[in-house]
Amino acid sequence: MLRLKRLTRIALSALAPVLIATAAPAQAAYPERPVTVIVAWTAGGATDLLTRGIQDAFQKALGGQVVVKNVPGAAGTLGTAEAARSAPDGYTILVSPIGPITLQPHRMKLDYSYDSFETVCKLVDSPVVLMAAPNSKYKNVAEVVAAAKAAPGKVPYGSTGPGTIPHVSMIAFAKAAGIDIKHVPYKGSADVVQGLLTNTVDLFTDQPNLVPQYNLTALGIFASNRIPTYKDIPTLKEAGYDLQFSIWNSMFAPKGTPEPIMAKLEAACRTALADQGVIENLGRQRQPIDFLDRKAASAFIAAEFKKNGELLSEAGLKVK
């Protein structure tokens, strides 16, 4: 009996290294299958263009295929909710702008909040631009204000949904200018651009990468000073309205995603944004890279959530 126990111990000891060697690659293999990146907006929109702009470099750095999935609707909350419900295994992640994470949870009851996610990194941050169609009758902010004062409630502007920065920034602009303009919400920025191009709406405020992508007319930028990347675009302050709004995009994973996977996603994010092709691509898109690692980005998102709750309260858009 003792001999049998001794032989069993020897056999298990011999087998242990094999078991360890077999198990180790399973953790190191991530990603073993395609990683889905949810974009909660329509294809061809600002966040979609950004995500596809970093896609190749990101998947190369991650070591596996990355697939972009568009899930538009409800001011970005449909796709964001899908990402929040996904298994925290690193195979479904989210690239999102400011709205669905730090604005919409304040103004409607959702199944998620900003703390339903682990922040992977911050990608870009840029002041928003007031834009019009290529053939627009408006060439500057003063002409918009004059038209709106001549026909109160008649000048239509598009947004990516109620309570989004494109909506809130125009509320602030209208208030500062003392004008009444008509809000027309859409599912995503690509849809608003089509509204501009078909003269359904006259104006749109959103990320500046849409301007070169669709040859739009930039009327003004929501920043205190002109920015080198947009030196040809006058500020709203130059027109007499000291308004500052920006839209950032960050990468997120569902809450509870394991630390080794989070570390790998963060490293891939850092590497992708340092890629020369990505730098040139986002430069053409006028999307300023503003990388923050997990720790810094998480603190930034928490501060944004608090600040934007106060902004929505002032605009009368926060859920009571």
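Everything numeric in this text was worked out from a predicted model, so none of it was measured. (Residues numbered from 1 in each chain as written. Predicted model: local features only at pLDDT ≥ 70, side-chain atom pairs only at ≥ 80, totals over all residues. Heavy atoms only, no water.)

### A look at the pattern of salt bridges
Two side chains with opposite charge may pair up if their charged atoms get near one another. In the structure shown here, the tally under the stated rule is 11 salt bridges. Across the pair Asp 89 and Arg 33 runs a salt bridge, and its minimum N-O distance is 3.4 Å. Residue Asp 89 is found in the loop between helix 3 (77–85) and strand 3 (92–97), and its partner Arg 33 is found in the loop between helix 1 (2–28) and strand 1 (35–39); the two are separated by 56 residues along the sequence. Taking the shortest distance from any N to any O, the salt bridge between Arg 226 and Glu 238 comes out at 2.8 Å. (Salt bridge = Lys/Arg side-chain N within 4 Å of Asp/Glu carboxyl O. Helix = DSSP H or I, 4+ residues; strand = E, 2+ residues; numbered from the N terminus.)

### Some details on the side chain of Asp 125
Counting through the fold element by element, Asp 125 comes out in strand 4 (residues 117–127). A distance of 2.9 Å separates a polar atom in the side chain of Asp 125 from a polar atom in the side chain of Lys 122. Apart from the residues within four sequence positions on either side, Asp 125 is in contact with Ser 246, Ile 247, Trp 248, Pro 288, Asp 290 and Phe 300. (Polar contact = N/O pair within 3.5 Å; in protein donor to acceptor, adjacent residues only side chain to side chain. Contact = heavy atoms within 4.5 Å.)

### Considerations on the nonpolar core
If you look at the biggest cluster of nonpolar residues, it comprises 42 residues, and the most contacted ones within it are Leu 130, Phe 173, Ile 179, Ile 181, Leu 203, Phe 222 and Tyr 241. Those elements giving two or more residues to this core turn out to be helix 3, helix 4 (98–102), strand 5 (129–132), helix 6 (141–150), helix 7 (165–177), strand 10 (246–254) and helix 12 (294–315). Considering every element that reaches this core, the biggest residue donor is helix 7, with 7 residues. Leu 62, Val 120, Ala 253 and Leu 265 belong to the second largest nonpolar core, which has 27 residues in total. (Core = buried A, V, L, I, M, F, W, Y, C linked by side-chain atoms within 4.5 Å. Buried < 20%, exposed > 50% of the residue type's maximum accessible area, 1.4 Å probe, protein only.)

### Here's the deal with unusual backbone geometry
Residues Tyr 30 and Pro 31 are joined by a peptide bond in cis, for which omega reads 0 degrees. Here Pro 31 shows up in the loop between helix 1 and strand 1. At Asn 199, a residue that is not glycine, the phi angle is positive and equals roughly 60 degrees. Relative to the helices and strands, Asn 199 is located in the loop between helix 8 (189–197) and strand 8 (203–206). The exposed category is assigned to Asn 199, whose relative accessible area is 52%. With a phi close to 55 degrees, Asn 215 is a non-glycine residue in the positive phi region. With respect to the helices and strands, the residue Asn 215 is situated in the loop between helix 9 (210–214) and strand 9 (217–221).

### Regarding the sheet that holds strand 8
If you walk across this open sheet you meet the 5 strands as 7-6-8-5-9, and the pairing is mixed. Two strands bound the open sheet, and with one partner strand each, they are strand 7 (182–185) and strand 9. The sheet shows a mean angle of 30 degrees between the axes of neighbouring strands, taken without regard to direction. Where helix 8 meets the sheet, its contacts fall on strand 5, strand 6 (156–159) and strand 8, and the angle it forms with strand 8 comes to roughly 155 degrees. (Pairing = 2+ DSSP bridges. Axes fitted to C-alpha atoms, helices over the stretch in contact; angles between N-to-C directions.)

### Observations regarding the state of the cysteines
Joining two cysteines, a disulfide is a covalent bond between their sulfur atoms. Scanning the model with the defined rule gives 1 disulfide in all. Between the sulfur atoms of Cys 121 and its disulfide mate Cys 269 the distance is 1.9 Å. Disulfide Cys 121-Cys 269: torsion about the S-S bond near 75 degrees, hence right-handed. In this pair, Cys 121 is assigned in strand 4 and Cys 269 in helix 10 (residues 259–273), connecting sequence segments 148 residues apart. (Disulfide = S-S within 2.5 Å.)

### Brief notes about the packing of aromatic side chains
With the rule as written, the count across this model stands at 7 aromatic pairs. Considering the side-chain rings of Phe 173 and Tyr 241, the 5.8 Å spacing of their centres and the 85 degrees angle between planes classify their relative orientation as edge-to-face. You can see Phe 173 sitting in helix 7 and its partner Tyr 241 sitting in the loop between strand 9 and strand 10, a full 68 residues away along the chain. Residue Tyr 241 is classed as buried on the basis of its relative accessible area, which comes to 15%. Note on Trp 248 and Phe 300: the rings are 5.7 Å apart at their centroids and 70 degrees apart in plane angle, and the pair reads as edge-to-face. Of this pair, Trp 248 sits in strand 10 while Phe 300 sits in helix 12; the two residues are 52 residues apart in sequence, bridging distant segments of the chain. The structure contains a cluster of three or more aromatic residues connected by ring pairs, namely Tyr 112, Phe 117 and Phe 252. (Phe/Tyr/Trp six-rings, centres within 6.5 Å; stacked < 30°, edge-to-face > 60°.)

### A closer look at the confidence of the model for the protein
Summing up the model confidence of the protein, the mean pLDDT is 90 and the portion of residues at 70 or higher is 91%. Between residues 1–8, whose pLDDT stays under 50, and residues either more than four places distant or in other chains, the model counts 0 contacts. Overall, residues 14–27 carries pLDDT values under 50, and its contacts beyond four positions in sequence, including any with other chains, amount to 0 contacts. (pLDDT = per-residue confidence, 0-100.)

### Some words on the pairing of strand 7
Taken together, the 4 bridges between strand 6 and strand 7 define a ladder with parallel strand orientation. Bridge assignment links Gly 158 to a residue of strand 7, and that residue is Val 184. At this point the chain moves from strand 6, through helix 7, to the parallel strand 7, and the crossover so formed is right-handed. (Right-handed = clockwise from strand over helix to strand, strands pointing away.)

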